[in-house]
Structures are given as structure tokens and as C-alpha cells.
Amino acid sequence: MSQYKSEFLRELSWRGFIKQMTHEAELDAYCASGTPVAYIGFDATADSLHVGHLMSIMMLRIFQRHGGRPVTLMGGGTTKIGDPTDKEKSRPLLTNDQINANIAGIKKAFEPYINYAGANGAIMANNADWLDKLGYIDVLRDIGVHFTINTMVKQDTVARRLEAEQPYTFLEFNYLLLQSYDFLELFRRHGCRLQLGGSDQWGNILGGADLIHKVEGKQAFGLTSHLITTASGAKMGKTVGGAVWLNADRKSPYEYWQFWRNTEDADVGRFMRFFTDLSQDEIARYEALKGAEINDAKIALANAATALLHGEAAAKESEAAAKAVFSAGASADALPTATVPQAELEAGLLVAAACTAAGLSKSNGEARRLIEQGAIKVNDEAVTDPNAKVFAADMKDGAIKLSAGKKRHALIKAG
């Protein structure tokens, strides 16, 4: 359908989000009338969301901008099973205390993107509120009767596990039923008729929409976005230092800004579409830039993405810090900082260990390899000895500056 009635689907379309949807014309009509309600579920497997979740969050943001009411569903119940979708192994099971602590951290990630007040204010829900109360026999009789094993074993994840003769536990087999029940429960509680998610969730989404049709006799909808990889094929949001977390206590605004600044040339335009509020005309102007001017587009992407999450001030401070590092070789307060005991610096700390402490390497072994490759600098001076040390006397303005390559920098301070 080239022209949607709903502003929501129009914007998703030109930004390139849409992978699949059910009942295209009916969904378009639903999104164009009244106050439609849509949800996305987030299992609490860590205490922060990461860049890989941003596609889903941005879809909810766009949905709300065009008059819809988003539901952010915390998986307090489903996390106890663990989503097996596209996983080659079972997830480790978490305790209730771990799940609740993770939910507390995850909730912070939504606040910059989604408004929980106002006429179409978002709803924060937790599926533990209903899943924890379900009896086993109730699940079998009220939910299980609507699902066939024939269909469930055809899902990609199940089929791959069985093909590879990898265990697929009965616990995981129930995940589809419970996620589908979430959709039914949100339909009953909040009139929610649309589930959004990544394309790996397509089978689960269809299960929920079908359950609503069978139990309530009503039509519900599903829409999925593309799963994003970079132009070079890397998984979105994965770096040498690990996941790019959204919470500032897991990834500083400067590090977050640098992640976007280091976007591959071929990805700048589409990442602007997915991860910023920049308009179609603005993005087109940046996409027209060639050669070295692409760096201006990367800075614009970094500023827009960082401002959305951490605020305009943090974006400007991060850009200024980057300019200070690159132009003058100076240190800047916005750089990620690690604190090590004063006694260790007095005695001498291996540069490799300092790099690991600062997050520039995953291990001392990796840091030594970077040193041998000439990629590490201390206070802008190259280090070539893998056993080199830094001392308290090396501090300038209260810190030692470490650099890995041209774009990654951190500070070591004594504590």
C-alpha cells in the first residue's frame, strides 16, 4: 500500500521500519481513528536496555506522536521462563529479586522517549500481575487448548533446535502461550489491539492476535520492524567493549555519543531515520553530503541520538569533549573515567590493566595486543612495550589520558 491513511504508518514507512504486518488495510484504519493502543514487551534479562532495543522504543515514540497510546510491558512473569526466540541455547534462569532489580533499571530507559502523562499517556504494565496468578490447569484449559503442537514446532527457533538436536525445554515451549496471553490480557485491560516488535517476534505476535480472535471474537494486529545490522554485517549495538547500554550508569553520554559518531558511512542516513526525530528533508540533506563532509552528518546523528536519550546539554558537552580530544589532544571532563586505588598508581599500574579498567579493552591480553600493534597512547604518547606501566606522576590535571586508536579515549584517576 503506497499511501496510508494513518500518519503513524506513513512515518514508519518512509523511515523504513516496516518488515511485516497483518491485515494492512484494517490496521491502517485502526491507527487512523480514535486513540489506538499498541504494546511492546521487554523481558528483564539485564538492568538496562541497549541500542538493540531502540527500534522498538522508537516505534512506540512515533506511535504516541501520532495520537496512539503506547503500553510498555515489563516481562516480570515471562522473564522467569526466558524468551527462546532465535536463541540456540536456553537462557539462564533469574531469581525474582534479580528480575525486580532489572525492571527498576529498565524503566529509566523509556522516560526520555515516551510520555506517561497526558491524554494519550503511555501505560507501564508488568505481566507478572497476571501471569503469577495463573494456575497450571487454567493455562492448559483456557490457553493451551487454542494452540497446536503442529504449528508450534514449525517456528524457526524450535525447528532449528530440533534439527540440531539441541534441547528445547518444555519450559521454553510455553513462552509462546504466555506471550500470546499477554496480548489477550492487554486487550481486555486496556483495549490494546496492536503488538509491535522485531521481526524475530512475528510468530509470537501472530499467536497473540489469533488467541484474541478465538477467545474474544475480535480482530487484533501485529507489525514488525527489520532486525538491524550495520553495513559491514555486525549486529547493531555490539562493540569491542560490549553492548551499548542506554542507562548512563552503564554507558556514559560521551561513550554513547562516540558510538553514533563512529557509524559507518553507508549507515548514517538510515540510522538517522531509525534513531532520531530528524525530518525527511533534513535527513535528505545529510545524505547528499559526500567525502569528508559525511563527518558532519555523523556528528549530526550523534548529537540527535544523544540529545534524545541524555538531553541537549549532554550532546553538546560530548561534541565539545570530542573536539578537544581530536584538535588539541587535551583531556576533557566528559570522557569516560575509571578510578583506581592511589596505591596502585604509586606502585605502577600496567598500561594494559589501565586500558581494561577504563573499558578500552575486554582483557589485559587484548590490551597487550593493541599495544604491540601501536594502537595505545598514554597522554597522547604512543606505548610500544606491552609491560609498560603508568604511575601517579603521569597524571596531568588529576588524570591520565588513555587512547585506543584515534577515536576511543578514557581517563584514569586515583581514588
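Provided above is the structure to which this section pertains.
Attention in this report is confined to the structure presented alongside it. Quick caveat: nothing in here was measured; it's all calculated off a predicted structure. (Residues numbered from 1 in each chain as written. Predicted model: local features only at pLDDT ≥ 70, side-chain atom pairs only at ≥ 80, totals over all residues. Heavy atoms only, no water.)

1. Points about the side chain of S48
In step 1: Relative to the helices and strands, S48 resides in the loop between β2 (37-43) and α3 (54-65).
In step 2: Among the polar contacts made by the side chain of S48, one reaches the main-chain amide nitrogen of N247 at a distance of 3.2 Å.
In step 3: Not counting residues within four places of it along the chain, the set of residues in contact with S48 comprises I106, W245, L246, N247 and R250. (Helix = DSSP H or I, 4+ residues; strand = E, 2+ residues; numbered from the N terminus. Polar contact = N/O pair within 3.5 Å; in protein donor to acceptor, adjacent residues only side chain to side chain. Contact = heavy atoms within 4.5 Å.)

2. Regarding the packing of aromatic side chains
In step 1: By the definition in use, this model includes 11 aromatic pairs.
In step 2: Each ring, one from W260 and one from F275, has its centre 5.1 Å from the other, and the planes form 50°; the classification is tilted. Pair noted here: W260 is in helix α12 (residues 253-261) and F275 is in helix α13 (residues 268-275), with a separation of 15 residues, a long-range link.
In step 3: The buried category is assigned to F275, whose relative accessible area is 2%.
In step 4: Geometrically, the ring pair formed by F271 and F275 is edge-to-face, given 5.5 Å between the ring centres and 70° between the ring planes. With F271 and F275 both in helix α13 and 4 residues apart, this pair spans about one turn of that helix. Taken individually, F271 and F275 each receive the classification buried, so the pair is uniform in this respect.
In step 5: An aromatic cluster of at least three residues, connected via ring pairs, comprises F17, Y256, F259, W260, F271, F274 and F275.
In step 6: R193 extends its terminal NZ or CZ atom over the ring of Y30, reaching a point 4.8 Å from the ring centre.
In step 7: Positioned over the ring face of W245 is R250, at 4.0 Å from the centre of the ring. (Phe/Tyr/Trp six-rings, centres within 6.5 Å; stacked < 30°, edge-to-face > 60°. Buried < 20%, exposed > 50% of the residue type's maximum accessible area, 1.4 Å probe, protein only. Lys NZ or Arg CZ within 6 Å of the ring centre and 35° of its normal.)

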